[in-house]
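These are the residues of each chain, in order.
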Amino acid sequence: MEILLLLSVFVIATCGLIYELVAGTLASYLLGDSVTQFSTIIGAYLFSMGIGAYFSRFFKKDLLSWFIQLEILVGLIGGISSAALFLLFEHAASFRLVLYLLVGLTGTLVGLELPLLMNILKDRYEFKDLVSRVFTFDYIGALAASIVFPLLLVPYLGLIRTSCFFGILNVAVAIVVLVKFKREIKWARYLKSKAVACIIVLVGLFIWADKIMTFAESQAFRDPVIYSHSSSYQRIVLTHSRLDLRLYLNGNLQFSSADEYRYHEALIHPAMLYSPKRSQVLILGGGDGMAARELLKYPEVEQVTLVDLDPAMTKLFRQNSMLASLNDSSLLSPRVHVINADAFQWLKENEKHFDVVIVDFPDPGNYAVGKLYTTAFYRKLRHALTDSSVVVIQSTSPYVAPKAFWCVNATLQECNYQTIPYHTYVPSFGEWGYVMASPGPLAKHHDSLPAGLRYFATGTFSQMCDFTADMQQRKVLANHLNNQILVQYFEDEWGKYQE
Amino acid sequence: MAIIAGGTITVSQYVACMEKKDKYAHISSRISGASAKAGHMMRDQQFGTPDITEYTDAVIVGGGAAGLTAARHLHHSGFTNFRLLELEPHTGGNASSGSNQYSAYPLGAHYLPIPNTDNQPLLDLLAEAGILTGYDPNGLPIYNETDLCYDPEERLYIRNRWQEGLVPQLGISHQTQDEIRRFLELMEQLRKAKGSDNRYAFDIPVANSSNDALYRELDQLTMEEWLTQQHYHSEELRWYLDYCCRDDYGAGISTISAWAGIHYFASRKGKAANADSSQLLTWPQGNGRLVQHLQQFSRDKTQTGCVVYKITPETKQVLVDYYDINTHQIKRLVAKACIMATPQFITQRLIPGGQYDHAFVYSPWLVANITLDQIPESSGYQLCWDNVIYQGKSLGYVNAQQQRLTQQLPAKQVITYYLPLDHLDPVASRKYAIALSPQHWVKLIADDLEAVHPGITELMHDIDITVWGHGMIRPHKGFITGDVRAAAQKSPFANVFYAHSDLSGISIFEEAFYHGNKAAGALTDYCG
Ligand SMILES: Cc1cc2nc3c(=O)[nH]c(=O)nc-3n(C[C@H](O)[C@H](O)[C@H](O)COP(=O)(O)OP(=O)(O)OC[C@H]3O[C@@H](n4cnc5c(N)ncnc54)[C@H](O)[C@@H]3O)c2cc1C
């Protein structure tokens, strides 16, 4: 009998440490800066355990029943903690608060466990023996946890399943104790059904963990995945490392927080310098709000109309405080009007004219997106422009995929646009290309830039327009709906590059 | 734990049990198609004397592509006092279309190849419909980009993989490759070839093709016989040609004449400023797009649900007797002249002394529009507009979503499955097809597609089945150059004009269009 209780000490200790490790890892995944996250989480956890230990003195009667209650509760809360944190990350206004509340709660409950158990065991052992045994098992459990966690659990089970698994162990302890000490326990029936219910919840979660986050996916990315969501249109994945936050759509990098300013400043400011009027701006794509952030730096801009297909994207970048801090809450600005619609469809119905249009679609890596780079699209776009409007189009890498890049240029020219192709270096992307275009002649109309730019300056632009020999203009066909040649160029060139 | 495991076992047993019961039960289905009932009524019923008699200048019987074209021609000639009678609740005939909340889809005809540049009337029609937007400096037509079939166009499921294009390429021998090359080169030559009368050997409309015996003789062989004669033995090439014949004529190379089989390739000389000659025009609703354009010229003159059962030509007028399904009345239209835009097996029953010659053979067809959650991915080349199965019973399916511009797909998608019913002779196939219940068709279609897309049955929701008992005229051996077809071109009556694609021996929109214009032209000449 006693050995059983001691074994539960071992299990409890393992579980306790695992929850702590899970919370720490999760915090550093989700919030970055692992040193700070780990030490504050551990601190908070240990402190809460102290609170738990303090409260243990108030339990005087029916200790075994209370212990079982406790085990079930720890199992449930610890078990669902990481799933809950992943899910809440997107929605919670202050994720940090939720995180520390959960850590505090788990810590307190775990802190109650050992004192309670020692109280139970104190009549069965000599005090000396008791302390030595309990602590021995406690520390062995901790060692076991600290070894299996990084080596086995995170790589093979993932965070969600790890916490589920240990939650199940906690509840299992409750059940074993329940069965073995049947006669000494009050409310045995009630406790048993409660334990079984918890086990069902946890096992269910364990099985469906994939739905919450595909583990395979977290392996496909360089850095830990902190958020992933399959909207009706795409798979949105955020990863976080010590250095940066990255957004991937369908596995393709959209930005790295470390250098996205280069990409977005180069996307926005040249077009703004070249457009005579700048009050009405249209963004097609760009649901991350970064392009809008750059545009809002111009007081002249009266309205930014942002048309992005995916409500999940714009919602994420509007509501999540960490992401909104990246785009300076541009999506909350009264000057920004967000429309969730298909760009082609929306253009068909649109009757407004825009001074500047930013076209920031995903790369033309498949035939569906390829349609947004065709003559049909640019002809449709023409109806949203005045003769002097300026358009800019993100056009993949002129270094990796020169044919694809020059194909965008050729396609615009075929639709009678004047163009200025240019490029810039974005470390996380490499050499990146854009095409500026206008139905009328393109000339610089402004000299001054808004304050606070980190990369783009008026002098920089002429360099950007210069293409070295390895990126020189190629002879290419224009992209039509019935040839989709751009997708083929893109696949060929990027395919080779990735081999 | 035990409880949970027990739970899952019972659930999976339950599922297995359901599956055994009927794995197609979740798929709703119905059969529509040319109203066999109305047809039989026309054939079998004795109608009394008409209740109502009305007068007009001209009547067009049949509102398929040919009848609608004739109406357009009359309209453009300033000839406005005419009526068009159609037995179905809608005009369009074999080029009709349907739709559901997710997509429009064709019930029959699906596409128009890039027209030959000397077919000016057809180019004018396309310009009028906004499909052709202008001409480039070299005089080549520019087509509206959104009406051209979007890339990627075609793929073939062969050796358990999808390959790009329909000509077999995956895992074929050098010998076969050579044969295919030789065949396609020959077709290229024949495309340019002209007969001693300086007409193209193979042209569209068929009527413009050369009369040179050198080429006409090809009609005396089946395509299969000709292939043997020309030493084309490769299984893959023969399959491909069999597929082409089934696609255009509803019957394979053992039935179709070599002339018609070659016509499929050599008659197409289309050119465009912004498309290859091999490309085509298509829309989610298929040739329903062309029908919708044509309909405007006779909208207020069209009476649907009207079964014409007798034509009585007299010296100065024609009596057109019909049964109006909507009002259950027998009516008569008295006109100066009429156009029979109905197939010959019907026309010959309506005119006095008419004899339906069984040389006019029609291929029965099944077209099924399948609504499903998604088209499953499978190995090899990606989803295309046309998705064909090597050595399949069916021709595979066309993806209605291909011509969408938007990124988002509808919640469910529609594919159009084509099955020429050529496993029996046409009469037997027709009987078989009519006898089969929708549930049987569902099983047949689902099982066929399972071979290329395992699990697709589960994704299906609804199948809209159309059976075309007399879908396409069949250019069997000797038909195109034969006397029967020649004799059928002209009616024995001065004030009755024939217009149906079957007169060409080849069932395509261009032929229906040709005959519609020709008959309407002759009618306006006659009426002065
Ligand atoms: C499955 C299928 C696929 C096809 N695909 C293509 C394709 O992709 N491209 C292509 O070019 N062609 C295709 N075709 C060929 C198509 O038949 C022709 O292109 C064209 O639509 C034929 O037009 P039509 O007017 O000559 O004949 P029909 O369409 O047969 O028109 C005859 C009309 O007369 C009506 N009618 C008959 N009897 C009476 C009566 N007694 N009283 C009143 N009305 C009557 C009928 O209801 C019908 O509407 C396809 C055909 C089928 C069956």
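Residues numbered from 1 in each chain as written. Chains lettered and ligands numbered in written order. Predicted model: local features only at pLDDT ≥ 70, side-chain atom pairs only at ≥ 80, totals over all residues. Heavy atoms only, no water.

**Remarks on the overall build of chain A**
Selection criterion: Secondary structure elements follow DSSP: runs of H or I of four or more residues count as helices, runs of E of two or more count as strands, with numbering from the N terminus. The rule is simple: take the accessible area with a 1.4 Å probe, protein chains only, and divide by the maximum for that residue type; under 20% is buried, over 50% is exposed, in between is partly exposed. Two residues qualify as a contact provided that any one of their heavy atoms is within 4.5 Å of a heavy atom in the partner residue. Throughout, the Shrake-Rupley method with a 1.4 Å probe supplies accessible areas, and for residues the shown protein chains are the sole cover considered. When charges are counted, Lys and Arg are positive and Asp and Glu negative, with His and the chain ends excluded. To locate a charge, take NZ of a lysine, CZ of an arginine, CG of an aspartate or CD of a glutamate.
Assigned secondary structure in chain A consists of 17 helices and eleven strands. C-alpha atoms of chain A, sized along the principal axes, occupy 95 × 45 × 40 Å. Burial status across chain A gives 58% buried among its 499 residues. For chain A, the proportion of contacts with a sequence separation of at least 24, taken over those separated by at least 6, is 73%. Only carbon and sulfur atoms are counted for the fraction: they give 59% of the accessible area of chain A, which is about 20900 Å². Taken as two groups, the 41 positive and 42 negative side-chain charges of chain A have centres that lie 8 Å from each other.

**Here's the deal with the sheet that holds strand β3 (residues 245–249) of chain A**
Residues and elements named next belong to chain A. Our working rule: Only strands that DSSP links by at least two bridges are regarded as paired with each other. The convention used is that axes are lines fitted to C-alpha atoms, helices contributing only their stretch in contact, and that angles between N-to-C directions extend from 0 to 180 degrees.
Strand order in this open sheet of four strands is β1-β2-β3-β4, and the pairing throughout is antiparallel. Every interior strand has two partners, whereas the edge strands, β1 (225–230) and β4 (252–256), have only one. When the angles between neighbouring strand axes are averaged without regard to direction, this sheet yields 20°. Looking at chain direction, β1 and strand β2 (residues 235–240) are connected through five bridges and run antiparallel. Each bridged residue has a counterpart across the sheet, and for Tyr227 the counterpart in β2 is Leu238. Contacting β1, β2, β3 and β4, helix α10 (residues 311–319) crosses the sheet at an angle of about 30° to β2.

**Digging into the site of the ligand**
Residue and element names in this part refer to chain B. Filter applied, for reference: Here, proximity means that at least one heavy atom of the residue falls within 4 Å of the molecule or strand. Pairs of N or O atoms within 3.5 Å make up the polar contacts considered here, provided that, within protein, one atom can donate a hydrogen while the other can accept it, and that residues adjacent in sequence are counted only when both atoms are side-chain atoms. Side-chain classes are defined by residue name, with Ala, Val, Leu, Ile, Met, Phe, Trp, Tyr, Cys and Pro counting as nonpolar, Asp, Glu, Lys and Arg as charged, and the others, Gly among them, as polar.
Around the ligand, the structure places 34 residues, and the nearest of them are Ala66, Glu86, Asn94, His500 and Ser501. One nitrogen or oxygen atom from the main chain of Tyr111 is found 2.9 Å from a nitrogen atom belonging to the ligand. In the environment of the ligand, a nitrogen atom lies 3.0 Å from a nitrogen or oxygen atom belonging to the backbone of Val308. The fraction of the free accessible surface of the ligand (980 Å²) that becomes covered by protein chains is 94%. In terms of residue count, the dominant contributor to the shell around the ligand is strand β22 (residues 460–473) (three residues). By residue class, the composition of the shell around the ligand is 19 nonpolar, 13 polar and two charged.

**Describing the state of the cysteines**
Note the threshold: Count a disulfide wherever a pair of cysteine sulfur atoms falls within 2.5 Å.
In this structure the tally under the stated criterion is zero disulfides over all chains. Of the cysteine sulfurs around Cys198 of chain A, a residue in no disulfide, the closest is that of Cys164 of chain A, at 12 Å. Cys198 of chain A gets classed as buried once you look at its relative accessible area, which sits at 8%. No disulfide involves Cys149 of chain B; its sulfur sits 8.7 Å from that of Cys384 of chain B, the nearest cysteine. Take Cys149 of chain B: its relative accessible area is 1%, and that puts it in the buried class.

**Some points on the pairing of β3 of chain A**
All names here are of chain A. Taken across its five residues, β3 has five buried, putting it largely inside the fold. Here five bridges tie β2 to β3, and the two strands are oriented antiparallel to one another. Opposite Val237, over in β3, you have Tyr248 as the bridge partner. From the end of β2 to the start of β3, which pair antiparallel, there are four residues.

**As for the interface of chain B and chain A**
Interface extent is often summarised as the accessible area lost during association of the parts. Filter applied, for reference: When two parts are put together, the accessible area they lose, computed with a 1.4 Å probe and summed over both, is reported as buried area. In the sections that follow, a salt bridge refers to a side-chain nitrogen of Lys or Arg positioned within 4 Å of a carboxyl oxygen of Asp or Glu.
Facing 21 residues of chain B, the contacting portion of chain A comprises 25 residues. Together chain B and chain A conceal approximately 1900 Å² of surface at their shared face, both sides included; 57% is due to carbon and sulfur atoms. Summed over the shared surface of chain B and chain A, the result is one salt bridge. As a salt-bridge pair, Arg379 of chain A and Glu145 of chain B come within 3.9 Å of each other at their nearest N and O atoms. Our count for the contact surface shared by chain B and chain A stands at eleven residue pairs in polar contact (both at pLDDT 80 or more). For the side of chain B that touches chain A, the residue count by class is nine nonpolar, nine polar and three charged.

**Some words on the UniProt feature "domain: Amine oxidase" (unreviewed entry) in chain B**
Under the convention used in this document: UniProt positions are given in the numbering used here, feature names are shortened, and annotations may be inferred rather than shown by experiment.
Those places that UniProt annotates as "domain: Amine oxidase" (unreviewed entry) correspond, in this numbering, to residues 66–344 of chain B. Secondary structure over residues 66–344 of chain B splits into 30% helix and 22% strand, and the C-alpha atoms at its two ends are 13 Å apart.

**Focus on the side chain of Ser209 of chain B**
All names here are of chain B. Mapped onto the fold, Ser209 is located in the loop between α5 (174–192) and α6 (213–216). Classification of Ser209 as buried rests on a relative accessible area of 4%. Those residues in contact with Ser209 that sit more than four places away from it in its chain are Arg199, Tyr200, Ala201, Phe202, Asp203 and Trp259.

**Some words on the UniProt feature "binding site: spermidine" (unreviewed entry) in chain A**
Residue and element names in this part refer to chain A. The positions that UniProt labels "binding site: spermidine" (unreviewed entry) are, in the present scheme, His264 and Asp288. Separation in sequence by 25 residues is not matched in space for these annotated residues, since their most distant C-alpha atoms are only 11.0 Å apart. Here His264 is in contact with Asp288, Met290, Ala291, Arg293, Glu294 and Asp360, once residues within four sequence places are set aside. Within the secondary structure layout, Asp288 lies in the loop between β5 (280–285) and α9 (290–295). When neighbours within four sequence positions are excluded, Asp288 is seen to be in contact with Leu247, Phe255, His264, Met313, Phe317 and Asn327. Reaching out from Asp288, the side chain makes a polar contact with the backbone nitrogen of Met290 at a distance of 3.0 Å.

**Topic: the side chain of Arg155 of chain B**
By the element assignment, Arg155 of chain B lies in strand β10 (residues 154–158). One buried charged residue, Arg155 of chain B, remains without a salt bridge, the closest side chain of opposite sign being Glu377 of chain B at 8.4 Å.

**Things to note about the nonpolar core**
Residue and element names in this part refer to chain A. Note the cut-off: We call a set of buried Ala, Val, Leu, Ile, Met, Phe, Trp, Tyr and Cys residues a nonpolar core when their side-chain atoms join them within 4.5 Å. Throughout the structure description, domain borders are defined by an automatic or database domain assignment.
Within the largest apolar cluster, 102 residues are counted, with the highest numbers of intra-cluster contacts made by Leu284 and Tyr378. Per-element accounting of this core gives the leading share, nine residues, to helix α8 (residues 260–274). When residues are assigned to domains, this core turns out to be shared by domain 2 (221–255) and domain 3 (259–498), each giving three or more. Discounting residues that sit within four places of it in the chain, Tyr378 has contacts with Leu372, Tyr373, Ile393, Val408, Thr411, Leu412, Cys415 and Tyr417. In this structure, Ala27, Leu121, Val134 and Ala209 belong to the second largest nonpolar core, which totals 64 residues.

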